[in-house]
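Per-entry structural report
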Amino acid sequence: DAGVIQSPRHEVTEMGQEVTLRCKPISGHDYLFWYRQTMMRGLELLIYFNNNVPIDDSGMPEDRFSAKMPNASFSTLKIQPSEPRDSAVYFCASSLSGENEQFFGPGTRLTVL
Amino acid sequence: DAKTTQPPSMDCAEGRAANLPCNHSTISGNEYVYWYRQIHSQGPQYIIHGLKNNETNEMASLIITEDRKSSTLILPHATLRDTAVYYCIVRVGRTNFGNEKLTFGTGTRLTIIP
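Computed from a predicted structure; not experimentally measured.

Thresholds, definitions, all that
- Residues numbered from 1 in each chain as written.
- Chains lettered and ligands numbered in written order.
- Predicted model: local features only at pLDDT ≥ 70, side-chain atom pairs only at ≥ 80, totals over all residues.
- Heavy atoms only, no water.
- Disulfide = S-S within 2.5 Å.
- Helix = DSSP H or I, 4+ residues; strand = E, 2+ residues; numbered from the N terminus.
- Buried < 20%, exposed > 50% of the residue type's maximum accessible area, 1.4 Å probe, protein only.
- Polar contact = N/O pair within 3.5 Å; in protein donor to acceptor, adjacent residues only side chain to side chain.
- Contact = heavy atoms within 4.5 Å.
- Pairing = 2+ DSSP bridges.
- Axes fitted to C-alpha atoms, helices over the stretch in contact; angles between N-to-C directions.
- Buried area = accessible area lost by both parts, 1.4 Å probe.
- Salt bridge = Lys/Arg side-chain N within 4 Å of Asp/Glu carboxyl O.

The next subject is the state of the cysteines. Linking two cysteines covalently via their sulfur atoms produces the bond known as a disulfide. All names here are of chain B. Under the counting rule described, the total for this entry stands at 2 disulfides over all chains. The disulfide partner of Cys-22 is Cys-88, and the S-S distance across this bridge is 2.1 Å. Looking down the S-S bond of the Cys-22 and Cys-88 bridge, the torsion is -80°, so its handedness is left-handed. Taken together, the positions of Cys-22 in strand S2 (residues 18–23) and Cys-88 in strand S8 (residues 84–92) put the pair 66 residues apart, joining distant regions of the chain. What makes Cys-22 buried here is its relative accessible area of 1%. Not part of a disulfide, Cys-12 finds its nearest cysteine sulfur in Cys-22, a span of 18 Å.

Here is the structure:
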């Protein structure tokens, strides 16, 4: 298996633009997680899904952020409009129900100018 | 989830055992100790987890004190590729509805010295 796939790997955009980050979980995994990592706040959970249904979105910073999982093999994290403070590395992870390990993707480095 | 305390940084000579401590004095009886690491510019990687017995896998060993208030991750023969930030996390074990979250602290930055 190729592992968790994220795209793009790097994104540079201007303030006010819409940004869409994409994630393909490991096939067969039923949990998907979105994390954000910054120097100031460390690694924090934004939202996670089970069987494509959002379970906990309490970490989503504000209404500008939204996440969807239209099917078991694809999820998006959208920021609209983007702001410089959204600059961070965004990680997607997946896991299999009943197992302990979360598998992380390589991350998307977002820079908002 | 219980809070963990780790030293911010440690050094270890290449080839020696790296011993990373973690305090979790408020751990509950049903909470496991998990260790992840994050090599620079990569996503975190699972290492090992345990409840109360010592555990060993191909990557590391986990020693949990009898009172479960602290633990030590041991990398038996550290290599340069083990340079990373190591996170100790406590969480209710095995993914059941509502227990899946991982809360990462600041971790320990381990540097392996040639």
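On we go from here.
Turning our eyes to something else, we now look at the side chain of Gln-38 of chain B. Along the chain, Gln-38 of chain B turns up in strand S3 (residues 31–38). When its relative accessible area of 9% is taken as the criterion, Gln-38 of chain B is described as buried. Within the structure, Gln-38 of chain B has its side chain in polar contact with the backbone oxygen of Gln-42 of chain B (distance 2.9 Å). In this structure the side chain of Gln-38 of chain B is engaged in a polar contact, spanning 3.3 Å, whose partner is the side chain of Tyr-87 of chain B. In contact with Gln-38 of chain B, other than residues within four places in its own chain, are Gln-37 and Phe-91 of chain A together with Gly-43, Pro-44, Ala-84, Val-85 and Tyr-87 of chain B.

Within a beta sheet, neighbouring strands are joined by backbone hydrogen bonds and run either parallel or antiparallel to one another. All names here are of chain B. Taking strand neighbours across the sheet as the criterion, the 5 strands line up as S1-S9-S8-S3-S4 in an open arrangement whose pairing is mixed. Two strands bound the open sheet, and with one partner strand each, they are strand S1 (9–13) and strand S4 (45–50). Put simply, the sheet's adjacent strands are angled 25° from each other on average, direction ignored. Of the strand pairs in this sheet, S3 and S4 are connected by 5 bridges, and their pairing is antiparallel.

Attention shifts here to the interface of chain A and chain B. It is common to give the size of an interface as the accessible area that goes away when the parts come together. With 22 residues of chain A at the contact, the number on the chain B side is 21 residues. In total, about 1,700 Å² of surface goes out of reach between chain A and chain B, with carbon and sulfur atoms giving 48% of it. Three residues stand out in chain A for area buried against chain B, namely Leu-43, Asn-100 and Phe-104 of chain A, and they jointly supply 33% of the buried area on that side. Counting every contact that joins chain A to chain B gives 1 salt bridge. One salt bridge in this structure joins Lys-101 of chain B and Asp-56 of chain A, with 3.2 Å as the shortest N-O distance. Scanning the region where chain A abuts chain B turns up 3 residue pairs in polar contact (both at pLDDT 80 or more). Elements with a minimum of two residues in the side of chain A that touches chain B: strand S4 (31–38), strand S5 (42–50), strand S6 (53–56) and strand S9 (88–95) of chain A. Of all the elements, S4 of chain A adds the most residues to the side of chain A that touches chain B, at 4 residues.

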